[in-house]
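Understanding the architecture of this molecule
This is what each chain is made of:
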Amino acid sequence: MKIVVVGKGGREHALVRALAESPGSHELFCFPGSDAISGLAKPVPADGLESLVAWMSANEVDLCVAGEESYLVKGEGLANLCEKAGIPCWGPHLQSAQLEASKEFAKKFLERHGIPTAKATACATLEETVAAIGGKFPTVLKFDGLAAGKGVAVCMVEREATDFLDEVFVQQRFGPGRVLVEDFLTGPEVSIFAAIVDDRYLVFTPARDYKRLGEGDAGPNTGGMGAVASRRLISAELLAEIGKDIVAPTVAGLREDGLPYRGFLYFGLMLTPDGPKVIEYNCRFGDPECQAVMPLVKGDLAAFCLAGAKGELKPELISFDEGWSVCVVLASAGYPESSRSGDVIRGLEEVGNARVYHAGTRRNAAGEWETNGGRVLAVVAGGETRQDAVAAAHAATDKVSFDGMQRRRDIGISSFED
Ligand code: AMP
Ligand code: GLY
């Protein structure tokens, strides 16, 4: 089978590797890909969405897998264009991907279908937003659009809200858009991934990511400094409750609203004292959660995605390892405000059985790997217990280094009681 994976980061490296390890011999391609991904999947010679789809048609591609969200919401939408061209696509249509692209769309969807979430008010101006906050702190402000992970401000005090609103309405840093003022929730977070095929779904291994730069959840928000995944991350009862109160009504809501969905849907949840609530939807797998979850997926992911893209959910094609997986992200100097490229990476050949997924790397003229972005690498290892997985992942990570490297040593440890 010929498969194209769309994206270029650590998540796509993990997806490509999982597809490459699926039984059968597959010809893998990637768009736009990266130097590391091109070791497993050939880059597609295209310069945009339309030429990508044209190339897939001309080359009789059997399956397109959407890794990142940007192409799902660009132009006519990757999945919509694939459908027109008769190419099975694992990833939702443009109109369904609004669940991620527009926080207001997602909030209305959640409210309409009675799915637990924080209360929110949508505001068009600075004055309206200030009125909706009503002097109550903490509060949560969300820019209504794609903002590269920078569009949410959890404001403990007024000053933080003033600064964020200045960025949004005065500097217009994210372009034009509205702001949601949302109730502040508390509790541990968990990321749930469902493979949705029309009216059916399968929940993958739950995960937790570590969003803050520093140990003990200090410092600025990032794209994710690590993740931990396991079927045992939350209790079977809680997982069943999430399925019944959140995943099933979401799938039913998509059907009711005429929003076609075949692909992964990510539920960002907070386990509040009043039960699990949805913080956000993403129309793709999480990054770096994908890097932690994929090594736990056994069976035939390629056939699973192909069947799903064609409208059949086939849970029997895959199974999930009962153990734990820990993913430690290595970030470059300056991240998250900036990132430094060109630092040579050492020790990659010494990680033993751990997996290393590349996000922001490139090969330099001497053939060495060097940094090329903010999040550089994800080092992933597993174990029967969380403690085993933590020890293996951190020991492997210790082997890797580059100048200015930033890493958290509490991934898989903090936010657990034992
Ligand atoms: P989001 O981009 O919507 O996932 O938000 C980024 C982070 O902000 C989340 O992972 C939470 O840690 C935090 N957050 C979002 N919404 C809320 C909320 N209503 N209450 C408290 N924290 C929140
Ligand atoms: N790990 C958070 C995300 O993928 O958006």
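Residues numbered from 1 in each chain as written. Chains lettered and ligands numbered in written order. Predicted model: local features only at pLDDT ≥ 70, side-chain atom pairs only at ≥ 80, totals over all residues. Heavy atoms only, no water.

1. What to know about the pattern of salt bridges
Two side chains bearing opposite charge may form a pair once their charged atoms approach each other closely. Taken as a whole and judged by the stated rule, the model has 27 salt bridges. Residue Arg-355 is joined to Glu-21 by a salt bridge in which the shortest nitrogen-to-oxygen separation is 3.3 Å. One end of the pair, Arg-355, is in strand S21 (residues 355–358); the other, Glu-21, is in the loop between helix H1 (10–20) and strand S2 (27–32), with 334 residues separating them in the sequence. One network of salt bridges, with partners in common, ties together Arg-17, Glu-21 and Arg-355. (Salt bridge = Lys/Arg side-chain N within 4 Å of Asp/Glu carboxyl O. Helix = DSSP H or I, 4+ residues; strand = E, 2+ residues; numbered from the N terminus.)

2. Structural notes on the environment of Glu-160
Mapped onto the elements of the fold, Glu-160 is located in helix H7 (residues 158–170). Owing to a relative accessible area of 34%, Glu-160 belongs among the partly exposed residues under this scheme. In sequence terms Glu-160 and Pro-138 are 22 residues apart; their C-alpha atoms lie 9.8 Å from each other. The residues touching Glu-160, leaving out its near neighbours within four places in the chain, are Val-154 and Cys-155. (Buried < 20%, exposed > 50% of the residue type's maximum accessible area, 1.4 Å probe, protein only. Contact = heavy atoms within 4.5 Å.)

3. Structural notes on the site of ligand 2
Taken together, the neighbourhood of ligand 2 is formed by Asp-209, Tyr-266, Asn-282, Arg-284, Gly-286, Asp-287, Pro-288 and Glu-289. Residue Arg-284 places a side-chain N or O atom 2.9 Å away from an oxygen atom belonging to ligand 2. At 2.7 Å, a side-chain N or O of Glu-289 approaches a nitrogen atom of ligand 2. In the complex, the protein chains occlude 87% of the 200 Å² of accessible area that ligand 2 would expose alone. In terms of residue class, the shell around ligand 2 is built from 2 nonpolar, 2 polar and 4 charged. (Near = heavy atom within 4 Å. Polar contact = N/O pair within 3.5 Å; in protein donor to acceptor, adjacent residues only side chain to side chain. Areas by Shrake-Rupley, 256 points an atom, 1.4 Å probe, with all protein chains shown as cover. Nonpolar A, V, L, I, M, F, W, Y, C, P; charged D, E, K, R; others polar.)

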